[in-house]
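# Architecture and fold: a report
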Amino acid sequence: MNDQPRQTDPAIPTGNNESTELDLHDQVIYETPEPFEDIASGPRWFYLFSVVALVVGAFYLGRHMGNLDTEAHIGFLQAQKQQSGQGGAAAVKTVSGAAVFTSRCVSCHQANGQGIPGAFPPLVKSTYVLGDPQTLVRIVLQGLQGEIKVEGQAYNGLMPPWQDQLSDEETTAVINYIRTELGGNQAGQVDVELVQKIRAAEKDRQKPWTVPELEALEKS
Ligand code: HEC
């Protein structure tokens, strides 16, 4: 900035030596000028890209966000639910009762349904399996405890409830499997509606059934 030779104060007597020294200083403290900042504009493709992104984004939101209505997706969810609801009757057929039986019941009642004498009662030829469907649904949903006689043999154990583990469809499927297929058992089919009805009516029941309770319900 300072390209003028330094003015020496005329009042101060200066020798030649001093003025050359000052000239040297001038050279050392010489500063390059501040760079000049221009208002730079970004690359054009960037502006074009921004505009395109904005337009595409706005179009996408307008198209898919249901006017930003909080209930916009409820219709979609309900349609889905209805579909699975309609599939209910078909689902009973597709849920395999044999598969539910193998995974849930075989450990105690055995694959052939004969049980283990003295510990787990047989399901084959059992009047509890072949008799009143309501009683069977109750046993499977809420379990069974206390004394019971099956095929002439007495048992006094505990069968766990299945209501929290098996859906209505699975319960219906396994019941129909043990009633109509297992070990040559032949009894009528049970509808999923009966399972739904008993599940709803007994949803507050926490403990397994006893035989006297079930017999009283059968008579009523
Ligand atoms: C943890 C062992 C166990 C499992 C698993 C089990 N049960 Fe039982 N079940 C028993 C016992 C024990 C009894 C007898 C309860 C008593 O003595 O009061 C019984 C009784 C029954 C009875 C009435 C008596 C009879 O023999 O007819 C039925 C029906 C029955 N179970 C069906 C099922 C079905 C269906 C499943 C599978 C979803 C199942 N059980 C899973 C232990 C089990």
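Residues numbered from 1 in each chain as written. Predicted model: local features only at pLDDT ≥ 70, side-chain atom pairs only at ≥ 80, totals over all residues.

- In the annotation of an unreviewed UniProt entry, the chain is listed under the name Cytochrome C oxidase, cbb3-type, subunit III and assigned to Methylobacillus rhizosphaerae.

## Here we look at the overall build of the chain
- Along the backbone of the chain there are 10 helices and two strands.
- Starting at the N terminus and ending at the C terminus, the chain contains elements arranged as α-α-α-α-α-α-α-β-β-α-α-α.
- Residues classed as buried in the chain amount to 20% of the 220 residues present.
- For the chain, long-range pairs separated by at least 24 residues make up 63% of all intrachain contacts whose partners lie at least 6 apart in sequence. (Helix = DSSP H or I, 4+ residues; strand = E, 2+ residues; numbered from the N terminus. Buried ≥ 20, exposed ≤ 12 C-beta atoms within 10 Å, placed from the backbone. Contact = placed C-beta atoms within 7 Å.)

## Observations concerning the site of the ligand
- Residues in close proximity to the ligand total 29 residues, the closest being C105, C108, P121, G157 and M159.
- For the shell around the ligand, the elements supplying multiple residues, two or more each, are helix 5 (106–109), helix 6 (127–130), helix 7 (133–142), strand 1 (144–150), strand 2 (153–159) and helix 8 (168–180).
- By residue class, the composition of the shell around the ligand is 21 nonpolar, seven polar and one charged. (Near = placed C-beta within 6 Å. Nonpolar A, V, L, I, M, F, W, Y, C, P; charged D, E, K, R; others polar.)

## Examining the pairing of strand 1
- Of the pairings in the sheet, the one linking strand 1 to strand 2 comprises seven bridges and is antiparallel in character. Counterpart to L144 in the pairing with strand 2 is M159.
- Counting the residues that bridge the hairpin from strand 1 to strand 2 gives two residues, and of these E151 lies at a positive phi of roughly 55°. (Pairing = 2+ DSSP bridges.)

## Here's the deal with the packing of helix 4 (residues 97–104) against helix 8
- Here helix 4 crosses helix 8 at 90°, and the two axes come no closer than 7 Å. Relative to helix 8, helix 4 is oriented roughly perpendicular. Here G97, A98, V100, F101 and R104 of helix 4 come into contact with helix 8, specifically with E170, A173, V174, N176, Y177 and I178.
- In terms of residue class, the contact of helix 4 with helix 8 is built from seven nonpolar, two polar and two charged. (Axes fitted to C-alpha atoms, helices over the stretch in contact; angles between N-to-C directions. Parallel < 35°, antiparallel > 145°, perpendicular 65-115°, else oblique.)

## Focus: the UniProt feature "transmembrane region" (unreviewed entry) in the chain
- Those places that UniProt annotates as "transmembrane region" (unreviewed entry) correspond, in this numbering, to residues 45–62.
- Strand forms 0% of residues 45–62 and helix 100%; the C-alpha atoms that close the span are 26 Å apart. (UniProt positions renumbered as here; feature names shortened; annotations may be inferred.)

## Details of the packing of helix 7 against helix 9 (residues 192–201)
- Taken N-terminus to C-terminus, the directions of helix 7 and helix 9 make an angle of 60°; their axes are 10 Å apart at the nearest point. As judged from the angle between their axes, helix 7 and helix 9 are oblique. Here helix 7 and helix 9 pass one another in a crossing that is right-handed. The segment helix 7 lies against helix 9, with P133, Q134, V137, R138 and L141 engaging L194, V195, I198 and R199.
- Residue composition of the contact of helix 7 with helix 9, grouped by class: six nonpolar, one polar and two charged. (Left-handed = near helix turned anticlockwise from the far one by under 90°.)

## Considerations on unusual backbone geometry
- Although it is not a glycine, Q110 adopts a positive phi angle of roughly 70°.
- With respect to the element layout, Q110 can be found in the loop between helix 5 and helix 6.
- One non-glycine residue, E151, lies in positive phi territory at about 55°.
- By secondary structure assignment, the location of E151 is in the loop between strand 1 and strand 2.
- For E151, a count of 13 C-beta atoms within 10 Å corresponds to the partly exposed category.

## A word on the nonpolar core
- Residues V137, V174 and I178 are the most contacted members of the largest nonpolar core, which totals 24 residues.
- Breaking this core down by element, the ones donating at least two residues are helix 4, helix 7, helix 8 and helix 9.
- Here V174 is in contact with G97, V100, F101, R104 and C105, once residues within four sequence places are set aside. (Core = buried A, V, L, I, M, F, W, Y, C linked by C-beta atoms within 7 Å.)

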